[in-house]
Amino acid sequence: MIEFKDVEVKDKAWADELLRLSDYNGCEYSFGNNYMWSKVFDMKIARYKNFYLVKNKYGFMFPAGAGDICEIVGVLREYCSCNNTPLCFSSMSREVMEKLCRIYCEDIEVGTNRDFYDYVYCFETLSKLSGKKLHAKRNHLNRFYENNWEFEPITPDNIEEVADMHNRWCMEHNCYDDSEKLREAQAVIRGLESFFELGFVGGIIRVDGDIHAYTFGERLNSDTFVVHAEKAFTTVQGAYTAINHEFVNYACKGYTYINREEDMGLENLRKAKLSYCPAFVVEKYRVRFKEV
């Protein structure tokens, strides 16, 4: 029987090794994402041969790694049968979903939710902001550059300031009175607490010496960087545009794509993510095996 365990920083090395074998482009397929959200979603992880397994209170992330798909599905179906629960996968790519449909046909039910599709951008688009469609972004950037500002990477010397800025942002946006915002705040703090052990890369922007924006992320796969968090105070026009632009040019050179994760169905967030002209969205599917 597979034994699942809590997600710990020390698991990063072996988890990364198996995640690289699949090279998936969904944001959930990064160890940093799993670690940050593990307490929020009661995530547990395990290794089965060359598969990286993640389960949470909703089911399983489709396994990353290499090996016989039918074997790992069979092992997890047996695990679920012993625990009197149906096998449910999430965060599945269209390619894998279609493969399971060919193999299991009538045994599965498939669903999807546009709210959890990731937005993926070309590095060239975010680094240059060129073209007519991004004219407004360049205007915001130029207005921001009129301030007394500076960009700097997140380091051990300033990370406590970043956590303080994040807390002030949460207070300003009533995060502690909103369950969705609270979960995100908890995930970000967990990420900041183990920032360097997780191999995260981040940046901040100061205006008149005070932090007005921060962001951070990590390598997702062979050609993509994933941004896990980004926050800015809007009292200074263009702060969000500036932290995005400066960080991409600082941290993402050498990558073809930047994954900026999902919009969670929030209208304003969807509008903002679409306004940067994504190259594509990462479709994600749920597959539920019917009980025998």
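Our structure is the block above this text.
As the structure is a prediction and not an experimental result, all values here were calculated from the model.

Caption draft 1: Main features of the sheet that holds strand β6 (residues 108-112). The 7 strands lie next to each other as β1-β2-β3-β4-β5-β14-β6, forming an open sheet whose pairing is mixed. Sheet topology places β1 (5-6) and β6 at the edges, where each strand pairs with a single neighbour. Seen against the sheet, helix α1 (residues 12-22) touches β2 (44-48), β3 (51-56) and β4 (59-65) and runs at an angle of roughly 80 degrees to β4. Against the sheet, helix α3 (residues 69-82) engages β2, β3, β4, β5 (88-92) and β14 (285-289), with an angle of about 150 degrees to β4.

Caption draft 2: Region of the structure containing the pattern of salt bridges. In the structure shown here, the tally under the stated rule is 22 salt bridges. The closest approach of N and O atoms between Glu71 and Lys49, which form a salt bridge, is 2.6 Å. With Glu71 in helix α3 and Lys49 in the loop between β2 and β3, this pair connects stretches of sequence that are 22 residues apart. Given the relative accessible area of 54%, Lys49 is considered exposed. Residues Arg183 and Glu180 are paired through a salt bridge, measuring 2.4 Å at the closest nitrogen-oxygen approach. With a gap of 3 residues between them, Arg183 and Glu180 both fall in helix α8 (residues 179-193), about one helical turn apart. What emerges from the salt-bridge pattern is a single network uniting Lys5, Glu8, Lys10 and Asp11.

Caption draft 3: Expanded view of helix α9 (residues 239-251). If you check α9, its first and last C-alpha atoms are 18 Å apart, about what 13 residues at 1.5 Å a residue would give, namely 18 Å. For α9, the tally of buried residues reaches 10 of 13 residues, placing the bulk of the element in the interior. For α9, the set of buried residues is Ala239, Thr241, Ala242, Ile243, Asn244, His245, Glu246, Phe247, Val248 and Ala251.

Caption draft 4: Main features of the packing of aromatic side chains. Under the criterion given, the structure shown has 24 aromatic pairs. Summarising the aromatic geometry, the rings of Tyr214 and Phe216 are spaced 6.3 Å apart at their centres and angled 20 degrees between planes, so their arrangement reads as stacked. Relative accessible area serves as the criterion here: at 0%, Tyr214 is assigned to the buried category. Following the ring pairs from residue to residue traces out a cluster consisting of Phe151, Phe225, Phe247, Tyr250 and Tyr255. The ring of Tyr276 is capped by Lys137, whose NZ or CZ atom sits 4.1 Å from the centre of that ring. Taking NZ or CZ as reference, Arg190 lies 3.9 Å from the ring centre of Tyr35, over its face.

Caption draft 5: Layout of the sheet that holds strand β10 (residues 210-219). The 7 strands are arranged β8-β9-β10-β11-β12-β7-β13 in an open sheet whose pairing can be described as mixed. Edge strands, defined here as strands with exactly one partner in the open sheet, are β8 (149-153) and β13 (280-282). Taken over all neighbouring pairs, the strand axes of this sheet differ in orientation by 30 degrees on average, direction set aside. Direction of pairing for strand β7 (residues 118-122) relative to strand β12 (residues 257-259): antiparallel, over a ladder of 3 bridges. Counterpart to Cys122 in the pairing with β12 is Tyr257.

Caption draft 6: Looking closely at α3. For α3, which comprises 14 residues, the first-to-last C-alpha distance of 20 Å matches the rise-based estimate of 20 Å (1.5 Å per residue) to within 8%. Along α3, the positions that sit buried rather than exposed are Ile69, Ile72, Val73, Val75, Leu76, Tyr79 and Cys80. One side of α3 holds all its buried residues, which, seen down the axis, span an arc of 160 degrees. Turned more than 90 degrees away from the buried face of α3, the exposed residues are Glu78 and Ser81.

Caption draft 7: Looking closely at the pairing of β10. Counted residue by residue, β10 has 8 buried out of 10 residues, so it is predominantly covered. Bridge count for strand β9 (residues 201-207) against β10 is 7 bridges, and the pairing is antiparallel. If you follow Gly203 over to β10, its bridge partner there is Thr215. Here β9 folds back onto β10 in antiparallel fashion, the turn holding 2 residues, of which Asp208 has a positive phi close to 55 degrees. Pairing analysis gives 7 bridges linking β10 to strand β11 (residues 224-232), with the strands arranged antiparallel. In the strand pairing of β11, Ala213 is matched with Ala232. Where β10 hands over to β11, the hairpin turn is made up of 4 residues, counted between the paired strands.

Caption draft 8: Local environment of unusual backbone geometry. Phi is positive for Leu129, close to 50 degrees, though the residue is something other than glycine. Mapping Leu129 onto the fold places it in the loop between α5 (123-128) and α6 (135-144). On the basis of relative accessibility, which here comes to 2%, the residue Leu129 falls in the buried class. The phi dihedral of Cys277 falls on the positive side, at around 60 degrees, and the residue is not glycine. With respect to the helices and strands, Cys277 occurs in the loop between α10 (267-274) and β13.

Rules and cut-offs
- Residues numbered from 1 in each chain as written.
- Predicted model: local features only at pLDDT ≥ 70, side-chain atom pairs only at ≥ 80, totals over all residues.
- Heavy atoms only, no water.
- Pairing = 2+ DSSP bridges.
- Helix = DSSP H or I, 4+ residues; strand = E, 2+ residues; numbered from the N terminus.
- Contact = heavy atoms within 4.5 Å.
- Axes fitted to C-alpha atoms, helices over the stretch in contact; angles between N-to-C directions.
- Salt bridge = Lys/Arg side-chain N within 4 Å of Asp/Glu carboxyl O.
- Buried < 20%, exposed > 50% of the residue type's maximum accessible area, 1.4 Å probe, protein only.
- Expected span 1.5 Å × (residues − 1).
- Phe/Tyr/Trp six-rings, centres within 6.5 Å; stacked < 30°, edge-to-face > 60°.
- Lys NZ or Arg CZ within 6 Å of the ring centre and 35° of its normal.
- Arc of directions from axis to C-beta.

Read these as layout, nothing more, since geometry by itself doesn't imply function.
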